[in-house]
Amino acid sequence: RLATSFFNDTYLMDQNACSSPQFLLWYFQNENLIEKAKQIFWNAVNDKVLNDYDLSPKSSVDKLTWMCLDLVKRDDVIEVNVLKNNINRVQINSLPKSILELKGKYGYFYEYSTCDLNIIETLMDTKIQTLTYFGVEKDKLFDIVYNAGNIGIDRIVPIGSALEMGIIWDGYDMIYSLTKIIDLK
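J.: It is not clear to me how the side chain of serine 20 should be interpreted in this structure. Could you clarify?
T.: Of note, serine 20 is situated in the loop between helix H1 (2–10) and strand E1 (23–27). Non-local contacts of serine 20, meaning those with residues more than four positions away in its chain, are made with Asp9, Thr10, Met13, Gln15 and Leu163.

J.: Teacher, can you tell me more about helix H5 (residues 138–147) here?
T.: An α-helical turn contains 3.6 residues, so a residue and the one three or four places further along point in the same direction. Residues of H5 that are buried: Leu141, Ile144 and Val145. Relative to the axis of H5, the buried residues are bounded by an arc of 95° and lie together on one face. Exposed positions of H5 whose direction lies more than 90 degrees from the buried face are Asp139, Tyr146 and Asn147. On its buried face, H5 sits against helix H4 (120–123), strand E5 (130–133) and strand E6 (155–158). A positive phi of about 95° marks glycine 149, the residue just after H5.

J.: Quick question: what am I supposed to make of a nonpolar patch on the surface here?
T.: A contiguous nonpolar patch, built from Leu12, Met13 and Leu163 and spanning about 270 Å² of accessible area, is present on the exposed surface. Here leucine 12 lies in the loop between H1 and E1. Judged by relative accessible area, leucine 12 falls into the exposed class, the value being 53%.

J.: What should I look at first to understand unusual backbone geometry in this one?
T.: Excluding glycine, most residues fall at negative phi; most peptide bonds, likewise, are trans. With a phi angle near 60°, tyrosine 106 is a residue other than glycine that sits in the positive phi range. Mapped onto the fold, tyrosine 106 is located in the loop between strand E3 (87–92) and strand E4 (108–114). The phi dihedral of isoleucine 153 falls on the positive side, at around 60°, and the residue is not glycine. Tracing the chain through its elements places isoleucine 153 in the loop between H5 and E6.

J.: How do you make sense of the pattern of salt bridges when you look at a structure like this?
T.: As a working rule, side chains carrying opposite charge can pair if their charged atoms are close by. A complete count under the given rule lists seven salt bridges for this structure. Here lysine 38 makes a salt bridge to glutamate 35, at a shortest N to O gap of 3.4 Å. Taken together, the residues lysine 38 and glutamate 35, both in helix H2 (residues 31–52) and three residues apart, mark about one turn of the helix. Take glutamate 35: its relative accessible area is 48%, and that puts it in the partly exposed class. With its nearest N and O atoms 2.6 Å apart, the salt bridge here joins aspartate 62 to lysine 58. One end of the pair is aspartate 62 and the other is lysine 58, both in helix H3 (residues 57–73) and four residues apart, which spans about a single turn. Taking relative accessible area as the criterion, aspartate 62 reaches 18% and is therefore assigned buried. Take lysine 58: its relative accessible area is 55%, and that puts it in the exposed class. If you follow the salt bridges from partner to partner, you end up with Arg74, Asp76 and Glu101 in one network.

J.: In this structure, what is going on with the packing of aromatic side chains? I would like to understand it.
T.: The relation between two aromatic rings is expressed through the spacing of the ring centres and the mutual angle of the planes. Scanning the entire structure with this criterion turns up 13 aromatic pairs. Pairing phenylalanine 6 with phenylalanine 109 gives two aromatic rings, centres 5.3 Å apart and planes at 45°, and the pair type is tilted. One end of the pair, phenylalanine 6, is in helix H1; the other, phenylalanine 109, is in strand E4, with 103 residues separating them in the sequence. On the accessibility criterion, phenylalanine 6 (2% relative accessible area) is buried. Their ring planes at 70° and their centres at 4.9 Å tell us that phenylalanine 41 and tryptophan 42 sit as a pair that is edge-to-face.

Basis of the calculations
Residues numbered from 1 in each chain as written. Predicted model: local features only at pLDDT ≥ 70, side-chain atom pairs only at ≥ 80, totals over all residues. Heavy atoms only, no water. Helix = DSSP H or I, 4+ residues; strand = E, 2+ residues; numbered from the N terminus. Contact = heavy atoms within 4.5 Å. Buried < 20%, exposed > 50% of the residue type's maximum accessible area, 1.4 Å probe, protein only. Arc of directions from axis to C-beta. Patch = residues over 30% accessible without salt bridge, like charges linked within 9 Å, V, L, I, M, F, W, Y side chains within 5 Å. Areas by Shrake-Rupley, 256 points an atom, 1.4 Å probe, with all protein chains shown as cover. Salt bridge = Lys/Arg side-chain N within 4 Å of Asp/Glu carboxyl O. Phe/Tyr/Trp six-rings, centres within 6.5 Å; stacked < 30°, edge-to-face > 60°.

Listed below in structure tokens is the structure:
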């Protein structure tokens, strides 16, 4: 179910939606278990992608180009994993000044592992609207985002809900924002 939900958030729009995940923050309390969790997760996602996604030749070349550029230009890249070119995972060991530097499409993801969930505060930017999560208490995430102040992240939703649009979007009440009120006295 998690793999399908992640697939829906990412591959259905080729990661082009403003709320599609491009960067994964792996939070762990036991460092020995995180690699096993990643392997299980990515294998399940790869199975879903193999069955339900067609990667165009142009997209395939784009991903190869990004990977080569990341390997040549980024000092923080420690490993790149490619699963049949449907999933490209770029492991980084330090965070850039802006998380907006870490953009991917067509199944190109950046990953960072940490034991400190508060690092989310340093990743926030006014252009980042959605934080998706799994396996972490949503109230804990809310506290981190709320206490950071008004510097981004308008939505905290479970994986699989990134593309769902509701009455509140990007922190705005859509009914109020799109409604004209005529005052007649």
